[in-house]
Amino acid sequence: MSAVIGRLFKRLDSRAVEREVEEELRFHLEMLAKDHCQQDVSITEARAFALKRFGNVERIKDECIEISSRNHPLKRLFKSFLILTFLVGIFVHIFGTHFKIVRVGDVLMAVAIMGRLFLYVRGLKPSSFRSKTESLYPLMLNDTGTTAPTSLRSLS
Amino acid sequence: MANGRTDLMQGTLELLILKTLSRESMHGYGIAQRIHQSVDDLLKIEDGSLYPALYRMEERGWIASEWGVSENNRRAKFYRLTRAGRKHLEIERANWDRISQAVTKILQTA
C-alpha cells in the first residue's frame, strides 16, 4: 500500500517523472554506444551512432513525460472537480435568489474555466515548463562528459 | 523502400513489443535489440520510438514496469506483459493474420 502511495506522489512530482524518463533513455543511449564501441570505433563515433539510431532524444523525452503525467489519477480527479465546480456554478447562477449568491455561482464558473485553461495550456508544451539543464544532448555529445551527471566516460 | 528498409505501419510496433515481452520481462534496450535481431533490420525502427509506445501501452494497462538491475549491474526499467496485454496480443495477432491474408489474396489475384 505504501509503495502504491509512494508511486502516486512520485508521479505527481514532474521533476521526478522527468528524471526517471531521462534515466531510462540515458541507459538506452549508453548501452547503444557501448555495444557499438565494441566494434572498434571511437567513443565519438559510437555516440553519434547511438544518437542517430535513437532518433530525436528531446522530442521522445517530451512525449514520454507527457504520456506519463497526463493520465495521473489525481489529475483526473482534478478535472472531475473542475467539471463539478462548473456545474454547481451554473446551478447557483440560475437558481440563486440573492444577488450575492448569483455572484458566488459566477466565481465558481470562473474558477472552473481558469483551472481547465491552466491544464490545457500546461499540456500544450510540456518542455517549456521544465528546465533544460539536464538535457540528454550534452550527455551524449560532450566528449569529456564534464557537464553530464553520468557520462559516457565509463564506456572508454 | 529505396534502401530496402520499410517503415512500420501504424500499430505494428505495439504488436512487436507485445510479442517480444510475451517471452520474458525486458528493459527498453533489450526490447529494441530483440526486435532488430528478429526483423534482420528490414524494418526501419528508430530505437527512441519504442519509448512513447511503451508508455502508451503501460497507460492502457497492457504492460507494467518496474525498476530493476540490468545484466551489467545498471539500474534499468523492466517491462512485463500484463494479463490484459496478453489478451490484446492474441486479438492483435488474429487481426494481423486476417489483414495480411486478405492483402496477400488481393495482390495475388489483382
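The coordinates are above.
All figures in this text were calculated on a predicted structure; none of them were measured in a lab.

### Observations concerning the interface of chain A and chain B
It is common to report an interface's size as the accessible area lost on association of the parts.
Phase 1 of the analysis: With 24 residues of chain A in contact, the opposing surface of chain B contributes 26 residues.
Phase 2 of the analysis: Across the chain A to chain B interface the summed buried area is about 2,300 Å²; carbon plus sulfur atoms make up 51%.
Phase 3 of the analysis: Considering only the surface of chain A that becomes buried against chain B, A:Glu24, A:Phe27 and A:Arg53 emerge as the three largest contributors, covering 30% of it.
Phase 4 of the analysis: Here chain A is connected to chain B by five salt bridges.
Phase 5 of the analysis: Residues B:Lys77 and A:Glu24 are paired through a salt bridge, measuring 3.9 Å at the closest nitrogen-oxygen approach.
Phase 6 of the analysis: On the surface where chain A and chain B come into contact, there are 12 residue pairs in polar contact (both at pLDDT 80 or more).
Phase 7 of the analysis: Secondary-structure elements contributing two or more residues to the side of chain A that touches chain B are α2 (14-37), α3 (43-54) and α4 (57-70) of chain A.
Phase 8 of the analysis: Here the element with the most residues in the side of chain A that touches chain B is α2(A); it accounts for 12 residues.
Phase 9 of the analysis: Grouping the constituent residues of the side of chain A that touches chain B by class yields nine nonpolar, four polar and 11 charged.

### A look at the pairing of strand β4 (residues 63-69) of chain B
Residues and elements named next belong to chain B.
Phase 1 of the analysis: The sheet contact formed by β4 and strand β5 (residues 75-81) spans seven bridges and is antiparallel. Looking at the pairing, Ser 65 lines up with Tyr 79 of β5.
Phase 2 of the analysis: In sequence, β4 turns back onto β5 through a hairpin of five residues, with Asn 73 there showing a positive phi of about 60°.

### Topic: the pattern of salt bridges
Phase 1 of the analysis: Summed over the entire model, instances satisfying the criterion amount to 14 salt bridges over all chains.
Phase 2 of the analysis: Of the charged contacts in the structure, one is a salt bridge between A:Glu18 and A:Lys61, with a shortest N-O distance of 3.6 Å. Of this pair, A:Glu18 sits in helix α2 while A:Lys61 sits in helix α4, and the two are 43 residues apart along the sequence. Side by side, A:Glu18 and A:Lys61 carry an identical accessibility label, which is buried.
Phase 3 of the analysis: A salt bridge links B:Arg74 to A:Glu30; the nearest nitrogen and oxygen atoms lie 2.8 Å apart. Of this pair, B:Arg74 sits in the loop between β4 and β5 while A:Glu30 is found in helix α2, placing the two residues in two different chains.
Phase 4 of the analysis: For B:Arg74, a relative accessible area of 28% translates into the label partly exposed.
Phase 5 of the analysis: One connected set of salt bridges, linked through shared partners, spans A:Arg15, A:Glu18, A:Glu22, A:Arg26, A:Glu58 and A:Lys61.

### Examining α4(A)
All names here are of chain A.
Phase 1 of the analysis: Compared with an ideal rise of 1.5 Å per residue, which puts 14 residues at 20 Å, α4 spans 20 Å between its outermost C-alpha atoms and is within 8% of the ideal.
Phase 2 of the analysis: Every buried residue belonging to α4 is among Val 57, Glu 58, Ile 60, Lys 61, Asp 62, Cys 64, Ile 65, Ile 67 and Ser 68, and all of these are buried.
Phase 3 of the analysis: At the N-terminal end of α4, a side-chain oxygen is found 3.3 Å from the backbone nitrogen of Glu 58, two or three residues along, and the residue is Asn 56.

### Some points on the pairing of β5(B)
Residue and element names in this part refer to chain B.
Phase 1 of the analysis: Counting buried positions over the seven residues of β5 gives five, a clear majority of the element.
Phase 2 of the analysis: Across two bridges, the pairing between strand β2 (residues 26-27) and β5 is antiparallel. Within β5, the residue paired with His 27 across the bridge is Phe 78.

### Points about helix α3 (residues 50-59) of chain B
Side chains that are three or four residues apart share a direction in an α-helix, a result of its 3.6 residues per turn.
Phase 1 of the analysis: Of all 10 residues in α3(B), seven are buried; the element is thus mostly enclosed.
Phase 2 of the analysis: The positive-phi residue at the C-terminal boundary of α3(B) is B:Gly61, with phi of around 85°.

### Things to note about a nonpolar patch on the surface
Residues and elements named next belong to chain A.
Phase 1 of the analysis: A cluster of nonpolar side chains, namely Met 114, Leu 117, Tyr 120 and Val 121, defines an oily patch on the protein surface of about 420 Å² accessible area.
Phase 2 of the analysis: Along the chain, the position of Met 114 falls in helix α6 (residues 99-124).
Phase 3 of the analysis: On the basis of relative accessible area, Met 114 is assigned to the exposed category, the value being 55%.

Each value, and the rule that gives it
Residues numbered from 1 in each chain as written. Chains lettered and ligands numbered in written order. Predicted model: local features only at pLDDT ≥ 70, side-chain atom pairs only at ≥ 80, totals over all residues. Heavy atoms only, no water. Contact = heavy atoms within 4.5 Å. Buried area = accessible area lost by both parts, 1.4 Å probe. Salt bridge = Lys/Arg side-chain N within 4 Å of Asp/Glu carboxyl O. Polar contact = N/O pair within 3.5 Å; in protein donor to acceptor, adjacent residues only side chain to side chain. Helix = DSSP H or I, 4+ residues; strand = E, 2+ residues; numbered from the N terminus. Nonpolar A, V, L, I, M, F, W, Y, C, P; charged D, E, K, R; others polar. Pairing = 2+ DSSP bridges. Buried < 20%, exposed > 50% of the residue type's maximum accessible area, 1.4 Å probe, protein only. Expected span 1.5 Å × (residues − 1). Patch = residues over 30% accessible without salt bridge, like charges linked within 9 Å, V, L, I, M, F, W, Y side chains within 5 Å. Areas by Shrake-Rupley, 256 points an atom, 1.4 Å probe, with all protein chains shown as cover.

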